[in-house]
Amino acid sequence: MAGWLVVLVIGIPWLGALLVWLAADARPRLQHFIAVLFSVAAGIVSLVLFSYASSQAVLLVSFAPTFGDLTFVPDGLGVSLTAISAVIGSLAVLFSVNYMHAEKQLGRYYFLVLFFIGAMNGLVLSGNFLFIFFFWEITALCSYALISFHNDDPKAVAGGMKALIITQVGGVGLLTGALIAFVNTGSLQVSALFSQAAEIPLNVLSVIAFSFLIAAAAKSAQFPFHTWLPDAMEAPTPVSALIHAATMVNAGVYLLARFYPAFAPVPGWKTAVMLVGLISALTAALMACTTTDLKRTLAYSTVSQLGYMVYAIGVGSVTAAQFHLLSHSIFKALLFLSAGAIIHSIGTRDMLRMGGLSAKMPFIRNTFIVGALALMGLPILNGFWSKELILEMGFEHSPLWAYALMLLGAGLTAFYTFRMAWLVFFGEQRAQHEVHAAGVAMKISLGLLSFGAFTSWLVFGGLNNLLSRTLPFHKLEQESTLDVVQALLSAPTTWLALLTIFLGCGVFWFVRKKSTLAYKPSLVLDSSFGLESVNGWIVRSVQAFSKVFQITQTGQLNWNIFGIVGALLGILLVLWWGAS
Amino acid sequence: MNLTPLNIVFWGVAGLFGVGLYGLLITRNLIKVVMVLQILVKAVVLALVLGGKISGNLGLGQSIAATVIVVDTIVAVVGLALAVQVRRRFGTLDVSEIDTLRG
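Because the structure is predicted, anything quoted here is derived from the model rather than measured.

A. Region of the structure containing the overall build of chain A. Helix and strand content of chain A: 24 helices and two strands. Dimensions of chain A, computed from C-alpha atoms along their principal axes, come out at roughly 80 × 55 × 50 Å. For chain A, the residues scored as buried account for 54% of the 580 residues in total. Put simply, 81% of the contacts in chain A that link residues at least 6 apart link residues at least 24 apart.

Okay, structure coming up:
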């Protein structure tokens, strides 16, 4: 039964993707209908999958005797992330019905979105390295193609290329780590790495661990690879909400959480993870303070919040990281979709050209502010509980200076979130816009996400129970929601964090005039502390390298046949050489 | 060189295959490309029968050869249909002028 559910949760979106494509662009209403139907069906199946969560493999795929059976394992990590991607995926698709109504080529859009949802579900449910790598690369491909969806816009094409190349660095890291693990354990199963981690020589294990850290940092847009995410904001906004906030960028955090028990003994690994999270959280928060593009601000804030999760894993609290991942997916999807509704209504992303929109779009204002308060971490929204849990864990298990810097990050978060909400909705109106109201589909998905932002922290006990029950190697403690609520409310760190948050808001209140009138972009922050040039160098050198091989693509049939025959001869030579 | 029947067939296969390959490398007319492909496949059909004879599974070799003949006919038909379409779209059958896949 569980095996069938795994097949369905991957297969339904993929089948929907095929049908949307077959429905053809001449029938947009049918395409919208199919996309919503199949994504909602996948969302429902992903929720049913919760009751079948176990640490055992439920689906075996016989591949080749050398590699053994390839498995899918619906454990707590996999099931919870499947639910996040499928449910938020269905809400983003629902939102797209209004957002994309006038677009041409809906088939391509929905095909890629549904293909992505299925691949993301496959990625988190896979129990072996081969499938993890396959699905990992499919998500990167969909992300690239959706960033460049408006392929007549050079900025969109460049952003897509950058995302593809930088995340490929992570893909190479994953492949390297997985191959070394395969050579040393003799199995592609993830569980084999856990059970044999003690027998692998420590230096080999540390190579695997750091390769995976590179993979995670590139995928989750963490330091030093974080510069692709802001450029990815050229994608249609529902895509930004789904892929670049709620799901795909979580894959890196997922990878670290999944392999934490195997890599925790590697000296320096936990510290490195903690530092990557810390630097990302802090620098991205600083950059978010000066950006004037609404979506870029949200992108930097995503990097910063992902930094909190990575930091939580670095201090050894996988539960806190997963809890914040759940909260962040909901409130960041809410913020992005609200931003999408604003952009759709007034047609600009520049916050300096907004202001005073509060009275014109009250519904969007309310949902946006719910998301913003959750991002700041104010009670009783879900962001409060999960961020406080991370800070509490950081206080207990990391050096005091690291905790202090994360606390500073929380203050900066409050600062830029307040600034963002202020620039968009309050103050004077800085430009005239023709505002048209949000559609019904938009309101439904925003309403549901707002409800989630208020209530999702109540599932903490269930999530914790699920994780500790189905992840035998992680050795997590069991805690109920009530335990955590009591622990957090009685901890001094919580009140300290709240004080910092209010301080951040207060500081913005006093400098609010400067954020519009005397605004000067900061060169240091705009270039991501110089990392923009490093990332740009990676992208440019890959493109220069491929230019060299461009001459082999002549488009001439005879040359292509020559290449085929040459390759055939090469293979025959290798076989002959191997046989003799 | 000892000219047994097997040897003759072997050299026939090699010769036909060589002619086909050479033709594929130099032919420019799309119709001729389809014809040259036919020659190449005939070499393969002959090789299958030869392989069947050498390994002692003559029946197997022959049945695969018969299958290849059927498939090959379809390939030729589709190839010619494509040639017609190419002629309509590009106005030429010269493959050196059809290079829209150039990098």
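B. Spatial organisation of the overall build of chain B. Secondary structure assignment for chain B yields three helices and zero strands. A compact globule built from 103 residues should have a C-alpha radius of gyration of about 13 Å, whereas chain B, at 17 Å, is more than 25% larger. Expressed along its principal axes, the backbone C-alpha trace of chain B runs to roughly 50 × 30 × 25 Å. Counting over 103 residues, chain B shows a buried share of 12%. A separation threshold of at least 6 residues defines the contact pool for chain B, and within that pool the share at least 24 residues apart is 49%.

C. How the structure looks around the interface of chain A and chain B. Each partner contributes to the interface: chain A provides ten residues, whereas chain B provides eleven residues. Here the side of chain A that touches chain B is built from residues that sort into four nonpolar, six polar and no charged.

D. Structural context of the packing of helix α16 (residues 382-397) of chain A against helix α17 (residues 400-425) of chain A. Residues and elements named next belong to chain A. Look at α16 against α17: their axes get within 9 Å of each other, and the N-to-C directions meet at 160 degrees. By the angle between their directions, the pair α16 and α17 is classed as roughly antiparallel. Handedness of the crossing formed by α16 with α17: left-handed. Along its contact with α16, which presents Lys 387, Leu 391, Gly 394 and Phe 395, the element α17 presents Ala 402, Tyr 403, Met 406, Leu 407 and Ala 410.

E. Structural context of helix α1 (residues 2-23) of chain A. Residues and elements named next belong to chain A. For α1, with 22 residues, the first-to-last C-alpha span of 31 Å sits near the 32 Å given by 1.5 Å per residue. The largest bend in α1 amounts to roughly 30 degrees and is located at Gly 11, with the proline Pro 13 lying one to four residues further along. All of the buried residues in α1 are Ala 2, Leu 5, Val 6, Val 9, Ile 10, Ile 12, Pro 13, Gly 16, Ala 17, Val 20 and Ala 23. With its phi angle positive at about 70 degrees, Ala 24 sits one or two positions after the end of α1.

F. Here's a closer look at the packing of α1 of chain A against helix α2 (residues 28-48) of chain A. Residues and elements named next belong to chain A. Contact geometry of α1 with α2 gives a least axis separation of 9 Å together with a crossing angle of 175 degrees. With respect to each other, α1 and α2 are oriented roughly antiparallel. For the pair α1 and α2, the contacting residues are Leu 5, Leu 8, Val 9, Ile 12, Pro 13, Leu 15, Gly 16, Leu 19, Val 20 and Ala 23 in the first and Leu 30, Gln 31, Ile 34, Ala 35, Phe 38, Ser 39, Ala 41, Ala 42, Val 45, Ser 46 and Val 48 in the second. Counted by class, the contact of α1 with α2 contains 17 nonpolar, four polar and no charged residues.

G. Up close: the domain arrangement of chain A. Segmenting chain A into domains produces domain 1 (2-526) and domain 2 (550-579). Centre-to-centre, using C-alpha coordinates, domain 1 of chain A lies 43 Å away from domain 2 of chain A.

H. Molecular detail of the environment of Pro 154 of chain A. By the element assignment, Pro 154 of chain A lies in helix α6 (residues 154-185). Counting along the chain gives 59 residues from Pro 154 of chain A to Leu 213 of chain A, while the straight-line C-alpha distance between them is 32 Å.

I. Just the environment of Asp 99 of chain B, in detail. Relative to the helices and strands, Asp 99 of chain B is located in the segment after α3 (58-90). Other than its neighbours up to four places away in sequence, Asp 99 of chain B contacts Thr 554, Gly 555 and Gln 556 of chain A.

J. Summary view of α16 of chain A. For α16 of chain A, which comprises 16 residues, the first-to-last C-alpha distance of 23 Å matches the rise-based estimate of 22 Å (1.5 Å per residue) to within 8%. Counting buried positions along α16 of chain A yields 14 of 16 residues, so the element is predominantly enclosed.

K. Structural detail: the environment of Leu 15 of chain A. All names here are of chain A. Relative to the assigned elements, Leu 15 resides in helix α1. With 17 C-beta atoms counted inside 10 Å, the residue Leu 15 sits in the partly exposed group. Placed 103 residues apart in sequence, Leu 15 and Gly 118 show a C-alpha to C-alpha distance of 9.3 Å.

L. Local environment of unusual backbone geometry. All names here are of chain A. Between Phe 223 and Pro 224 the backbone carries a cis peptide bond, its omega angle lying at 0 degrees. Within the element layout of this structure, Pro 224 appears in the loop between α8 (202-219) and α9 (228-231). Going from Pro 379 to Ile 380, the amide bond is cis rather than trans, its omega being 0 degrees. With respect to the helices and strands, Ile 380 occurs in the loop between α15 (362-376) and α16. The residue Gln 105 is not glycine, and still its phi comes out positive at about 55 degrees. Its place among the elements puts Gln 105 in the loop between α3 (76-99) and α4 (106-125). Residue Gln 105 is classed as partly exposed on the basis of its C-beta count, with 14 C-beta atoms lying within 10 Å. Positive phi, normally seen in glycine, also occurs at Ala 221, with a value near 55 degrees. Mapping Ala 221 onto the fold places it in the loop between α8 and α9.

M. Representation of the confidence of the model for chain B within the structure. Here chain B averages 89 in pLDDT, and 98% of its residues register 70 or above. Overall fold confidence (pTM) sits at 0.85, and the ipTM for the predicted complex is 0.80.

The rules behind these values
Residues numbered from 1 in each chain as written. Chains lettered and ligands numbered in written order. Predicted model: local features only at pLDDT ≥ 70, side-chain atom pairs only at ≥ 80, totals over all residues. Helix = DSSP H or I, 4+ residues; strand = E, 2+ residues; numbered from the N terminus. Buried ≥ 20, exposed ≤ 12 C-beta atoms within 10 Å, placed from the backbone. Contact = placed C-beta atoms within 7 Å. Rg over C-alpha atoms; globule rule 2.2 N^0.38 Å. Nonpolar A, V, L, I, M, F, W, Y, C, P; charged D, E, K, R; others polar. Axes fitted to C-alpha atoms, helices over the stretch in contact; angles between N-to-C directions. Parallel < 35°, antiparallel > 145°, perpendicular 65-115°, else oblique. Left-handed = near helix turned anticlockwise from the far one by under 90°. Expected span 1.5 Å × (residues − 1). Bend = angle between axes of the 7 residues up to and from the residue. Domains from an automatic or database assignment. pLDDT = per-residue confidence, 0-100.

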